[in-house]
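Coordinate inspection notes
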Amino acid sequence: MPAPLTEEQNRVDREALLDAAEALFYAHGIQAVGMDRVRESSGLPLKRIYRLFATKEDLVVAMLRRRDRRWRESLAAQVETVPDPRERVLAVFDWLAAWFAEPGFRGCAWINAHGELGTSSEPVLAEVRAHKRAFHDQLAAWVRATGVPVTEPVYLLAEGAIVTAGITGDPAPAQQARAAVERLLGAGGCG
């Protein structure tokens, strides 16, 4: 009889599985990737995978939740090093530009998941909405610190840049959106 799995082994297996699922789902799409392919990439047997996540949907939700945490932490790590509130908001778009230029960039993982599963999976839809709300709130705090009431236009410019870059494969929308935000912040904007 095999030895029982330790908490550490569960954690290691879970992370390996999430790493494999995230790479595959982001590169190829959730519906295009079967669980056999996730098994091959993770090196875990299917039985072990389904002990960690009872369904593919559970795996997708966990992957999106973990990606959200890492994505927003990475954004905050860069933006919050900038002392000036106005420049901090502009740094969001510099971070987006660097992300858009990364090899393998395929747009927003949450928009992609919504496009594939948003109408058929309440848990995935809830996770997509939670990410968008959290990003909005994160961005809103930085915009409020400028004293200029332009949170919604700045958020829409960021989201528009993400979607456009994902579709076109061109990082230029980040700089175009940055220039528009610079004008909004410089002109005092409107609600």
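What this report covers is the structure whose coordinates are included nearby. No experiment lies behind these values; they were computed from the predicted model shown.

Looking now at the packing of aromatic side chains. Remark: the centre distance and the inter-plane angle together describe each pair of aromatic rings, the angle taken between the planes. Counted by the stated rule, this structure contains nine aromatic pairs. A ring pair is formed by Trp 71 and Trp 95, whose centres lie 5.1 Å apart and whose planes are at 90 degrees; its orientation type is edge-to-face. Of the two residues, Trp 71 is situated in helix H4 (residues 56-79) and Trp 95 in helix H5 (residues 85-100); the sequence distance between them amounts to 24 residues. On the basis of relative accessible area, Trp 71 is assigned to the buried category, the value being 7%. Accessibility expressed as a relative area gives 8% for Trp 95, which makes it buried. Pairing Trp 99 with Phe 105 gives two aromatic rings, centres 4.9 Å apart and planes at 85 degrees, and the pair type is edge-to-face. By the burial criterion, Trp 99 is buried, and Phe 105 matches it.

This model, assessed by the stated rule, comprises 14 salt bridges. Among the ionic pairs, Arg 66 bridges to Asp 19, the shortest N-O distance being 2.9 Å. Placement of the pair is Arg 66 in helix H4 and Asp 19 in helix H1 (residues 7-28), with a sequence separation of 47 residues. Residue Asp 19 is classed as partly exposed on the basis of its relative accessible area of 42%. One salt bridge connects Asp 68 with Arg 72, and the closest N-O pair in it is separated by 2.9 Å. Of the two residues, Asp 68 and Arg 72 are both situated in helix H4; the distance of four residues between them amounts to about one turn of the helix. One network of salt bridges, in which partners are shared, links Glu 15, Asp 19, Glu 22, Arg 66, Arg 67 and Arg 70.

The end-to-end C-alpha distance of H1, which contains 22 residues, comes to 31 Å, matching closely the 32 Å that a straight helix rising 1.5 Å per residue would cover. By the burial criterion, the buried members of H1 are Asp 13, Leu 17, Leu 18, Ala 20, Ala 21, Glu 22, Leu 24, Phe 25 and Tyr 26. Next to the buried residues of H1 lie helix H2 (35-42), helix H3 (46-52), H4, H5 and helix H6 (109-117). Looking at the residues trailing H1, positive phi occurs at Gly 29, about 100 degrees.

Reading guide: rules and limits
- Residues numbered from 1 in each chain as written.
- Predicted model: local features only at pLDDT ≥ 70, side-chain atom pairs only at ≥ 80, totals over all residues.
- Heavy atoms only, no water.
- Phe/Tyr/Trp six-rings, centres within 6.5 Å; stacked < 30°, edge-to-face > 60°.
- Helix = DSSP H or I, 4+ residues; strand = E, 2+ residues; numbered from the N terminus.
- Buried < 20%, exposed > 50% of the residue type's maximum accessible area, 1.4 Å probe, protein only.
- Salt bridge = Lys/Arg side-chain N within 4 Å of Asp/Glu carboxyl O.
- Expected span 1.5 Å × (residues − 1).
- Contact = heavy atoms within 4.5 Å.

Honestly, that's just the spatial picture; any functional story needs more than this.
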